[in-house]
Amino acid sequence: MPYIDWEYYSSLFDNITDEKAFNRTYAKAEVYMDRYTAMRARAFLKAYDEDNATDFQNMTANAVKMTMCEIINNIAVHEASEMGTGIASVSNEGYSESYRITTASEKEAQLLCIIRNGLSGTGLAGAL
């Protein structure tokens, strides 16, 4: 069972504009979600029954889906920029920008932070 599908993502976000690119990025994002939640998020959604769910279960399901969207967006941004994210410095005279190169470990830390923040209070992120 997928965390989200193209229709869900594209109804809320427009960072990725075609389904093929979404599917490629989703596959990468799925690995991070499964790894960092020790498959708890997947198990939760597999057992989730929207018709009989409590408010907490509904909130948790929405948190998992939105977190997955955020992971996908983060991966897409990193792939689009190829080298780095964020402006490190700007100069007004003659306009100049410096970009900071993001290392693989920093990218990994960003994804972990997205998962921690997105799933905080759900019990799915565990002791990350």
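Whatever comes next refers back to the structure up there.
What counts, and where the lines are drawn
- Residues numbered from 1 in each chain as written.
- Predicted model: local features only at pLDDT ≥ 70, side-chain atom pairs only at ≥ 80, totals over all residues.
- Heavy atoms only, no water.
- Helix = DSSP H or I, 4+ residues; strand = E, 2+ residues; numbered from the N terminus.
- Contact = heavy atoms within 4.5 Å.
- Areas by Shrake-Rupley, 256 points an atom, 1.4 Å probe, with all protein chains shown as cover.
- Patch = residues over 30% accessible without salt bridge, like charges linked within 9 Å, V, L, I, M, F, W, Y side chains within 5 Å.
- Salt bridge = Lys/Arg side-chain N within 4 Å of Asp/Glu carboxyl O.
- Lys, Arg positive; Asp, Glu negative; His and termini not counted.
- Charge placed at Lys NZ, Arg CZ, Asp CG, Glu CD.
- Buried < 20%, exposed > 50% of the residue type's maximum accessible area, 1.4 Å probe, protein only.
- Core = buried A, V, L, I, M, F, W, Y, C linked by side-chain atoms within 4.5 Å.
- Axes fitted to C-alpha atoms, helices over the stretch in contact; angles between N-to-C directions.
- Parallel < 35°, antiparallel > 145°, perpendicular 65-115°, else oblique.
- Left-handed = near helix turned anticlockwise from the far one by under 90°.
- Nonpolar A, V, L, I, M, F, W, Y, C, P; charged D, E, K, R; others polar.

1. Re the overall build of the protein chain
Within the protein chain one finds five helices and two strands. Listing the helices and strands of the protein chain from first to last along the sequence gives α-α-α-α-β-β-α. Taking as baseline every contact in the protein chain between residues at least 6 positions apart, the subset at least 24 positions apart corresponds to 63%. Put simply, the protein chain shows about 7,700 Å² of open surface, and 53% of that area lies on carbon and sulfur atoms.

2. So, a negative patch on the surface
Judged by side-chain charge, D5, E7, D18 and E19 come together as a negatively charged surface patch. Structurally, the position occupied by E19 is in helix 2 (residues 19-36). A relative accessible area of 39% places E19 in the partly exposed class.

3. Focus on the side chain of N74
Within the element layout of this structure, N74 appears in helix 4 (residues 55-81). Filtering out sequence-adjacent residues up to four positions away, N74 remains in contact with Q110, L111 and I114.

4. Overview of the side chain of D34
Relative to the helices and strands, D34 is located in helix 2. Here D34 falls in the buried class, since its relative accessible area comes to 14%. Once residues lying within four places of it in the same chain are set aside, the contact partners of D34 are Y3, M39 and R42.

5. Focus on the nonpolar core
Ranked by size, the top nonpolar core spans 32 residues in total, and within it Y9 and I72 carry the most contacts. Elements with a minimum of two residues in this core: helix 1 (6-12), helix 2, helix 3 (40-47), helix 4 and helix 5 (104-119). Top element by residues in this core is helix 4. It accounts for nine residues. Sequence-distant contacts of I72, defined by excluding residues within four places in its chain, comprise I4, Y9, I16, F22, T25, Y26 and A29.

6. Digging into the packing of helix 4 against helix 5
Between helix 4 and helix 5, the least distance of the axes is 9 Å, while the angle of their chain directions is 160°. Here helix 5 runs roughly antiparallel to helix 4, going by the angle between their axes. As helix 4 runs across helix 5, the sense of the crossing is right-handed. Across the interface between the two elements, A63, V64, T67, E70, I71, N74, I75 and H78 from helix 4 touch K107, Q110, L111, I114, I115, G118 and L119 from helix 5. For the contact of helix 4 with helix 5, the per-class residue count stands at eight nonpolar, five polar and two charged.

7. What about the pattern of salt bridges?
A full pass over the atoms with the stated rule returns four salt bridges. The partner of E108 in a salt bridge is R35, with the nearest N and O atoms 2.7 Å apart. In this pair, E108 is assigned in helix 5 and R35 in helix 2, connecting sequence segments 73 residues apart. When its relative accessible area of 25% is taken as the criterion, E108 is described as partly exposed. Here R35 falls in the partly exposed class, since its relative accessible area comes to 46%. Three or more residues are tied together by salt bridges with common partners; here these are E30, D34 and R42.

Any link to function would need more than the numbers given here.
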